[in-house]
Amino acid sequence: MPYQTINPFNNKLIKEYQTHNDRHVEQALETAHQLYKSDWAQGDIKQRLNVLHKLSDIISSRVEELAKGISIEMGKLIEQSRAEVQLTADIAKYYAENAEEFLKPVSYKSNLGEAWVEHSPIGVIMAVEPWNFPFYQLIRVLAPNLASGNSVLVKHASIVPHSAETFEKLITEAGAPKGAYTNLFISQDQVSAIIDDDRVQGVALTGSEKAGAVVASRAAGKLKKSTLELGGNDIFAVLEDADIDHAAKVGAQARVANAGQVCTAAKRFIIHEKVADEFLKKFTQHFKELKIGDPLDEKTTLGPLSSADAVNTLTKQVKEAVKHGAKVLVGGEPVSNNPGNFFEATVLTGITRDNPAYFEEFFGPVAQVYVVKNDEELVKLANDSHYGLGGALFTRDLTRARKLASKIETGMIYVNSLTNTAPELPFGGVKRSGFGRELSDLGIKEFVNQKLVVLAEKS
Ligand code: NAP
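Here is what the cut-offs are and how they apply
Residues numbered from 1 in each chain as written. Predicted model: local features only at pLDDT ≥ 70, side-chain atom pairs only at ≥ 80, totals over all residues. Heavy atoms only, no water. 1 Å grid on protein atoms, 1.4 Å probe; cavity = no way out; pocket = protein on both sides within 12 Å on 5 of 7 lines; lining within 4 Å. Points joined across faces, edges and corners; volume = space filled by probe spheres on them. Helix = DSSP H or I, 4+ residues; strand = E, 2+ residues; numbered from the N terminus. Nonpolar A, V, L, I, M, F, W, Y, C, P; charged D, E, K, R; others polar. Near = heavy atom within 4 Å. Polar contact = N/O pair within 3.5 Å; in protein donor to acceptor, adjacent residues only side chain to side chain. Areas by Shrake-Rupley, 256 points an atom, 1.4 Å probe, with all protein chains shown as cover. Domains from an automatic or database assignment. Axes fitted to C-alpha atoms, helices over the stretch in contact; angles between N-to-C directions. Parallel < 35°, antiparallel > 145°, perpendicular 65-115°, else oblique. Left-handed = near helix turned anticlockwise from the far one by under 90°. Contact = heavy atoms within 4.5 Å. Buried < 20%, exposed > 50% of the residue type's maximum accessible area, 1.4 Å probe, protein only. Patch = residues over 30% accessible without salt bridge, like charges linked within 9 Å, V, L, I, M, F, W, Y side chains within 5 Å. Salt bridge = Lys/Arg side-chain N within 4 Å of Asp/Glu carboxyl O. Pairing = 2+ DSSP bridges. UniProt positions renumbered as here; feature names shortened; annotations may be inferred. Buried area = accessible area lost by both parts, 1.4 Å probe. Core = buried A, V, L, I, M, F, W, Y, C linked by side-chain atoms within 4.5 Å. Expected span 1.5 Å × (residues − 1). Arc of directions from axis to C-beta.

Let's talk about the layout of surface pockets
What the second largest pocket holds in volume is close to 950 Å³. Around the second largest pocket, the lining comprises 38 residues; the ones closest to its centre are Gln80, Gln253, Ala257, Asn258 and Leu418. Contributing elements (two or more residues each) for the lining of the second largest pocket: helix H5 (78–102), helix H6 (136–148) and helix H10 (244–256). Residue composition of the lining of the second largest pocket, by class: 19 nonpolar, 12 polar and 7 charged.

A short note on the site of the ligand
Taken together, 27 residues lie near the ligand, and Glu129, Trp131, Ser208, Leu230 and Glu361 sit nearest. Within the side chain of tryptophan 131, one N or O atom sits 2.5 Å away from an oxygen atom of the ligand. A total of 910 Å² of accessible area belongs to the ligand in isolation, and the protein chains cover 87% of it. Sorting the residues of the shell around the ligand by element identifies H6 and helix H9 (209–221) as the ones contributing at least two each. At 3 residues, H9 tops the list of elements feeding residues into the shell around the ligand. Looking at the shell around the ligand residue by residue, the class counts come to 12 nonpolar, 10 polar and 5 charged. Mapped onto the domain boundaries, the shell around the ligand takes at least three residues apiece from domain 1 (3–230 + 433–455) and domain 2 (235–422).

What to know about the packing of H5 against H6
Look at H5 against H6: their axes get within 9 Å of each other, and the N-to-C directions meet at 15°. Overall, the two elements H5 and H6 adopt an arrangement that is roughly parallel. Where H5 crosses over H6, the two elements pack in a sense that is right-handed. Residue-level contacts link Glu84, Leu87, Thr88, Ile91, Ala92, Tyr95 and Ala99 of H5 to Tyr136, Ile139, Arg140, Ala143, Pro144 and Ala147 of H6.

Looking at the environment of methionine 74
Inspection of the secondary structure puts methionine 74 in helix H4 (residues 63–74). Exposure remark for methionine 74: the relative accessible area of 0% places this residue in the buried category. On a C-alpha basis, the gap between methionine 74 and asparagine 374 in space is 40 Å, while along the polypeptide they are 300 residues apart. The residues touching methionine 74, leaving out its near neighbours within four places in the chain, are Pro8, Trp131, Asn132, Pro134, Val160, Asn258, Pro304 and Ser306.

Quick look at a nonpolar patch on the surface
A surface patch of nonpolar side chains, amounting to about 300 Å² of accessible area, comprises Leu112, Leu452 and Val454. Structurally, the position occupied by leucine 452 is in strand S20 (residues 448–455).

Some thoughts on the sheet that holds strand S13 (residues 346–349)
Taken in spatial order, the 7 strands make up an open sheet running S12-S13-S14-S11-S10-S16-S17, and their pairing is mixed. At either margin of the open sheet sits one strand with a lone partner, and together these are strand S12 (327–330) and strand S17 (414–415). Summarising the sheet, strand S16 (residues 391–394) and S17 pair through 2 bridges and their orientation is parallel. Residue pairing across strands places leucine 393 opposite valine 415, the latter belonging to S17. Strands strand S10 (234–238), strand S11 (266–272), strand S14 (366–372) and S16 of the sheet are contacted by H10, whose axis makes an angle of about 165° with S10.

Looking at the UniProt feature "domain: Aldehyde dehydrogenase" (unreviewed entry) in the protein
According to UniProt, the "domain: Aldehyde dehydrogenase" (unreviewed entry) feature falls on residues 3–453. As a span, residues 3–453 carries 42% helix and 20% strand, and end to end its C-alpha atoms are 46 Å apart.

Considerations on the domain arrangement of the protein
The domain boundaries assigned to the protein delineate domain 1 (3–230 + 433–455) and domain 2 (235–422). Each of domain 1 and domain 2 was reduced to a C-alpha centroid, and the two centroids are 30 Å apart. Contacts between domain 1 and domain 2 engage 25 residues on the former and 30 residues on the latter. Taking both partners together, domain 1 and domain 2 bury about 2,300 Å²; carbon and sulfur atoms supply 56% of that area. Per-residue buried area on domain 1 facing domain 2 is highest for Phe9, Leu77 and Ser433; these three make up 26% of the total on that side.

Focus: the nonpolar core
Counting residues in hydrophobic clusters, the biggest one holds 63 residues, and the most contacted among them are Leu52, Leu55, Tyr95 and Leu142. For this core, the two domains that each supply at least three residues are domain 1 (3–230 + 433–455) and domain 2 (235–422). Excluding residues that lie within four positions of it along the chain, leucine 52 makes contacts with Ala92, Tyr95, Ala96, Leu142, Ala143, Leu146 and Ala147. Grouped together as the second largest cluster of nonpolar side chains are 56 residues, Ala254, Phe269, Leu302 and Leu305 included.

Description of helix H12 (residues 308–323)
With 16 residues, H12 extends 23 Å from end C-alpha to end C-alpha; this agrees with the ideal 22 Å at 1.5 Å per step. Of the positions making up H12, those classed as buried are Ala310, Val311, Leu314, Thr315, Gln317, Val318 and Ala321. Mapping the buried residues of H12 onto a view down its axis gives an arc of 165°, with all of them on the same face. Counted as exposed and oriented over 90 degrees from the buried face of H12: Asp309, Lys316, Lys319 and Lys323. Buried residues belonging to H12 abut S13 and S14.

Right, here's the structure in full:
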């Protein structure tokens, strides 16, 4: 795939980037490896945390400029790009402030002597990342690994090379030594060769199931640890006692934010039959009011999809769903007479289990709505999914919410809020949504050696 920035609002090519050859990759690997062996990685954590503090300050001071770059490159509404950039700064700050505590030795009581587990870096980590949050996805890997002393090589998605290059520059500007973070414009075969290399000790991928399976099996073949943050088909459940105005408004936002291209976007709306008509009416009204336009225009409320391919895939999925009996309540088509990659905000009902849409992730502004009679049906439907990433429940009955939350097979569940993210909260899924966690104290433990040391009493 060529590394190109194409503005999804008008499909104009802005810039094509030169790819990196194998010699460049070898140099990057060796520099990263030597850095891991050096005092930078093996010595005092404070020198690395200073870089994260500085990085956070630099990013916070340049929100507007960085946000604009994201919106032009992948179509995110400018307000959402600003939020992404600020969150990126917050994650850097969070690890700058907390990593030392997370990585300090933990004592264990044992009859064998004084025992503790210390946390040390393991080497070079290969990260493969997607375009939908071009900065946030990178900092989730960079911040904990820079803090722990691992060097990071990154293959970002080929449609966001400007963001990839900008992020690398920010890290250099923050004072990180060469090799701490290296952006590579490389092919999938080159990623495989890097994974095979003995200097690489871990692999982190965020993306589709298909890419996850290829990359994780390659890592497993070389007996290397991997973490996978993959797709989702998250529920947004509305119980009969919920505040329907609020649920409909938040639900619409949870489906169309980032033009629906969020792994934890609300994708399956599961509504109690007593409030289904009211919810649907209000929910579809929000969809009808969305304003398609330039992501840089503050008045736009639905931006373009990231690429022309994304529109084609979504169009095929919706057509197939309808062919198998789904009904289109609103939307259903790509936006015609427009040079950009727009797809109408769409609500589908009547999806049965034999409809391929039932198990598919729709990566765009397409909501599936299901109606259930009771909590038992809700849980059954929620868990009848290959995915298990996030989910949301809306109800005033918090005892009922706690019970339901425990029964739903996902890595994350939110009550009376859309599925969200914060530096201090673990992020990740179960089933085909992947394994491992990013962010929080859990994220920083994924790629460290949790080394046991025991001092026996007699020498
Ligand atoms: P994708 O096609 O899997 O791409 C993700 C990254 O993997 C890109 O850098 C891509 O490179 C690379 N890649 C693809 N196939 C590869 C292979 N065989 N070997 C090495 N690298 C490979 O995913 P996408 O469609 O762009 O992203 C959307 C998916 O990501 C959705 O399913 C979404 O739910 C998921 N996602 C999950 C999370 C999470 O945290 N769980 C967050 C965001 C997105 P190229 O660009 O060069 O193809």
